[in-house]
Amino acid sequence: MAQVRVTRTLNANSQFVKAALKKGHAKARERLQSIADDSVKRAEALVAAELINDRPASRRHAGTRKLKGSFRSELIDGGGRFTWTIRLYSRANAAKVNALEQGAGPHTITATTEKGLWLPAIPKGSRGNAALQAYTTSKRKVGMSVDHPGNKPYRFMHRALEGAASAALDRAIKLKRS
């Protein structure tokens, strides 16, 4: 005897399909927003662990060390069926953020005033200890320009977003298994 099958095709424009997509869309947005929020927390933690030295506020130069608290995320709906983009960005100086995120090759830093460039003087007995150097109040002039050797890419925003997405996927897999 032949097996009886009953099928029904739902039109993509039907009220049922629209309601199901809307509910799914809202659920996806909620979960993706939690990934975006987690990526901000992770970026803050990476910067605090790897880039922020504990120089007191009175010794900070204007425009630098403003990464802490500068991270934001944006959830962008692509308009299609579940095409979303999570944008993680910093409100700090874009050139400096890019140099830290992507790395920077050797370059020349030139003074913008006739005073020249100044660095903290290395205290006696510190043997070049950066933490002790950061707290000194004396300075030494290094000239009108210096050749900076560049820096490695820290990729803290990339790692933060990837970590948040991986953690969310791991949680989803654990929920599915339990």
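**Student:** Explain the packing of helix 2 (residues 94-102) against helix 4 (residues 156-177) here, please?
**Tutor:** Packed helix pairs are specified by the crossing angle of their axes together with the interaxial distance, meaning the distance between the axes. Two elements in contact, helix 2 and helix 4, have axes separated by 7 Å at closest approach and are oriented at 65°. Taken as axis vectors, helix 2 and helix 4 run roughly perpendicular relative to one another. Between helix 2 and helix 4, the contacting residues are V97, L100 and E101 on the first element and F156, M157 and H158 on the second. In the contact of helix 2 with helix 4, the residues fall into 4 nonpolar, 1 polar and 1 charged.

**Student:** Would you take a moment to explain the side chain of S90 for this structure?
**Tutor:** With respect to the element layout, S90 can be found in strand 2 (residues 84-90). At 3.1 Å, the side chain of S90 forms a polar contact with the backbone nitrogen of A92. The residues touching S90, leaving out its near neighbours within four places in the chain, are L67, S70, F71, V97 and M157.

**Student:** Before we go on, may I ask you to explain the packing of aromatic side chains in this structure?
**Tutor:** One pair of aromatic rings is described through two measures. These are the centre distance and the angle between the planes. One pass over the structure, following the stated rule, counts 1 aromatic pair. Both rings, one in F71 and one in F156, keep their centres 5.8 Å apart while their planes meet at 75°; by these two values the pair is edge-to-face. With F71 in strand 1 (residues 71-77) and F156 in helix 4, this pair connects stretches of sequence that are 85 residues apart. According to the relative accessible area criterion, F156 is buried, its value standing at 1%. Lying across the ring of Y89, R87 places its NZ or CZ 4.1 Å from the centre.

Calculation notes
Residues numbered from 1 in each chain as written. Predicted model: local features only at pLDDT ≥ 70, side-chain atom pairs only at ≥ 80, totals over all residues. Heavy atoms only, no water. Axes fitted to C-alpha atoms, helices over the stretch in contact; angles between N-to-C directions. Helix = DSSP H or I, 4+ residues; strand = E, 2+ residues; numbered from the N terminus. Parallel < 35°, antiparallel > 145°, perpendicular 65-115°, else oblique. Contact = heavy atoms within 4.5 Å. Nonpolar A, V, L, I, M, F, W, Y, C, P; charged D, E, K, R; others polar. Polar contact = N/O pair within 3.5 Å; in protein donor to acceptor, adjacent residues only side chain to side chain. Phe/Tyr/Trp six-rings, centres within 6.5 Å; stacked < 30°, edge-to-face > 60°. Buried < 20%, exposed > 50% of the residue type's maximum accessible area, 1.4 Å probe, protein only. Lys NZ or Arg CZ within 6 Å of the ring centre and 35° of its normal.

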